[in-house]
Amino acid sequence: MKKYIFILTLLFSFSISAQDLYWYDVLLDVKNERANDFEKAVDDFYSSVDFPEGVSMTLSNIQIKGQGFKETHILSFVSPSSQSLADLRASLSGKNWDDYIDVVRPLINSARTAVGNASNIHNEDQFNPIGQAWCFKVDSKDIPAFTAGFSKLMETFNFPGFVGLAQVTHGMSNGENVLIYGTYSNLNDAFTFGPKNEAEANAFAEFGELTSDISEFTQTWTRVKIKEYN
């Protein structure tokens, strides 16, 4: 039986951006007693990086997550240009990079990466400090229907923050290939997320009926920004 649990940060509005966003995430399981050292090492290194125009990186800790999700921190690189994002990744080399890796390696238990792009974006200028991701397994033939259902939901559900529907193109974990990612301005907004009236509740129900038949919800996790670099 395919599962569906929808508590997504579908931070929706009527303003849909036609511009894609490309992202590159590094998720790390940092040793608890070394978290401060890790965050300082990241800050020391990325404060000196010359970011291409339009590329940003956010260092966050992952404060809310389900059982089995071991990563504690995430470095999120985002850009409207795939080339600029690729250029930044290619530039991370040389002695300074090697020195940074030598410092960070003893502070972590493990690391993994994921790459993708988001093309169904709302409230792009409201990229708030608290972000939540919902992860789904969707058969490739059903992704257009899932996307259409998300778009229809956006016509009714109004949430004051960024939201985007993204596909994972590299670094897929356990078959998760579609993400909905949105942001909140504060924890109260995150705690009180959900439909605020009958129309929104009906829109959620309709989206749930559609997607429960074509997708499997796998997990959700929430990060809180520590610092942004660009």
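Residues numbered from 1 in each chain as written. Predicted model: local features only at pLDDT ≥ 70, side-chain atom pairs only at ≥ 80, totals over all residues. Heavy atoms only, no water.

Engineer: Explain the side chain of Ser56 to me, please; I cannot follow it from the model alone.
Structural biologist: Topologically, Ser56 is positioned in strand 3 (residues 56–65). When sequence neighbours within four positions are dropped, the list of residues in contact with Ser56 reads Phe51, Ser76, Phe77, Val78, Glu228, Tyr229 and Asn230. (Helix = DSSP H or I, 4+ residues; strand = E, 2+ residues; numbered from the N terminus. Contact = heavy atoms within 4.5 Å.)

Engineer: Please clarify how the pattern of salt bridges should be interpreted in this entry.
Structural biologist: Two side chains bearing opposite charge may form a pair once their charged atoms approach each other closely. Within this structure, the stated rule accounts for nine salt bridges. Between Glu71 and Arg112 there is a salt bridge whose closest N-O contact spans 3.0 Å. Here Glu71, found in the loop between strand 3 and strand 4 (73–79), pairs with Arg112, found in strand 5 (residues 108–122); they are 41 residues apart in sequence, far enough to count as distant. Relative accessible area serves as the criterion here: at 27%, Arg112 is assigned to the partly exposed category. (Salt bridge = Lys/Arg side-chain N within 4 Å of Asp/Glu carboxyl O. Buried < 20%, exposed > 50% of the residue type's maximum accessible area, 1.4 Å probe, protein only.)

Engineer: Which parts of the structure should I look at to understand the side chain of Glu71?
Structural biologist: The exposure class assigned to Glu71 is buried, which follows from its relative accessible area of 5%. Side chain to side chain, Glu71 and Arg112 meet in a polar contact 3.0 Å long. In this structure Glu71 touches Leu27, Leu28, Asp29, Ile62, Lys65 and Arg112, once residues within four positions along its chain are discounted. (Polar contact = N/O pair within 3.5 Å; in protein donor to acceptor, adjacent residues only side chain to side chain.)

Engineer: I'm lost on the nonpolar core in this one. Help?
Structural biologist: Soluble globular proteins: nonpolar side chains tend toward being buried together. If you look at the biggest cluster of nonpolar residues, it comprises 25 residues, and the most contacted ones within it are Phe38, Tyr46, Leu75 and Phe77. Looking at this core, the elements that each hand over two or more residues are strand 2 (21–30), helix 1 (35–46), strand 3, strand 4, helix 2 (82–91) and helix 3 (94–104). With residues up to four places along the chain from it excluded, the contact list for Phe38 reads Leu28, Val30, Leu59, His73, Val104, Leu107 and Ile108. (Core = buried A, V, L, I, M, F, W, Y, C linked by side-chain atoms within 4.5 Å.)

Engineer: Explanation requested: the environment of Phe38 in the structure shown.
Structural biologist: Counting through the fold element by element, Phe38 comes out in helix 1. Overall, Phe38 belongs to the buried group, its relative accessible area being 0%. C-alpha of Phe38 to C-alpha of Pro106: the two residues are 68 residues apart in sequence and 9.4 Å apart in space.

Engineer: Looking at this structure, I do not really get the packing of aromatic side chains. What am I missing?
Structural biologist: Any aromatic ring pair is given by two values, namely how distant the centres are and how the planes are angled relative to each other. In this structure the tally under the stated criterion is 21 aromatic pairs. Between Trp97 and Tyr100, the aromatic rings sit 5.5 Å apart at their centres with planes inclined by 45 degrees, giving tilted as the arrangement. Taken together, the residues span about one helical turn, with Trp97 and Tyr100 both in helix 3 at a distance of three residues. Aromatic ring contacts, followed pair by pair, group Tyr24, Phe45, Tyr46, Phe51, Phe77, Trp97, Tyr100 and Tyr229 into a single cluster. (Phe/Tyr/Trp six-rings, centres within 6.5 Å; stacked < 30°, edge-to-face > 60°.)

Engineer: For this particular structure, what's the right way to read the pairing of strand 2?
Structural biologist: Working note: regular strand, side chains alternate between the two faces of the sheet. The element strand 2 is largely enclosed, with a buried count of nine among its 10 residues. With 10 bridges connecting them, strand 2 and strand 5 associate as antiparallel partners. Among the inter-strand pairings, Asp25 is bridged to a residue of strand 5, identified as Ala114. Pairing of strand 2 with strand 4, which is carried by seven bridges, proceeds in the antiparallel orientation. Residue pairing for strand 4: Tyr24 is matched across the bridge by Phe77. (Pairing = 2+ DSSP bridges.)

Engineer: So what exactly am I meant to see when it comes to the packing of helix 1 against helix 3 here?
Structural biologist: Relative orientation and spacing of two packed helices are given, respectively, by the angle between their axes and the distance between those axes. It is the contact of helix 1 with helix 3, at a shortest axis distance of 10 Å, that shows an interaxial angle of 175 degrees. With respect to helix 3, the element helix 1 is oriented roughly antiparallel. Taking contact as the criterion, the partners of Phe38, Ala41, Val42, Phe45 and Tyr46 in helix 1 are, on helix 3, Asn96, Trp97, Tyr100, Val103 and Val104. (Axes fitted to C-alpha atoms, helices over the stretch in contact; angles between N-to-C directions. Parallel < 35°, antiparallel > 145°, perpendicular 65-115°, else oblique.)

Engineer: What exactly am I supposed to notice about helix 6 (residues 198–212) here?
Structural biologist: Two residues of an α-helix separated by three or four positions point the same way, owing to the 3.6 residues in each turn. Compared with the 21 Å implied by 1.5 Å per residue over 15 residues, the 21 Å span of helix 6 between its first and last C-alpha is a close match. Of the residues making up helix 6, those classed as buried are Glu200, Ala203, Phe204, Phe207, Gly208 and Thr211. Here the buried residues of helix 6 occupy an arc of 135 degrees about the axis, which is enough to place them on one side. Exposed residues on helix 6 whose side chains face more than 90 degrees from its buried face are Glu198 and Glu209. Structurally, helix 6 contributes buried residues whose contacts are with helix 4 (143–154), strand 8 (178–184) and strand 9 (215–229). Between the side-chain oxygen of the N-cap and the backbone nitrogen of Ala199 there are 3.1 Å, and the N-cap of helix 6 in question is Asn197. (Expected span 1.5 Å × (residues − 1). Arc of directions from axis to C-beta.)

Engineer: Just checking my understanding: could you explain unusual backbone geometry for this structure?
Structural biologist: Residues other than glycine predominantly adopt negative phi, and peptide bonds predominantly adopt the trans conformation. If you check the backbone angles, Asn123 has positive phi at about 55 degrees while not being a glycine. With respect to the secondary-structure elements, Asn123 resides in the loop between strand 5 and strand 6 (130–138). Here Asn174, not a glycine, exhibits a phi torsion of approximately 55 degrees, which is positive. Within the secondary structure, Asn174 is located in the loop between strand 7 (163–170) and strand 8.

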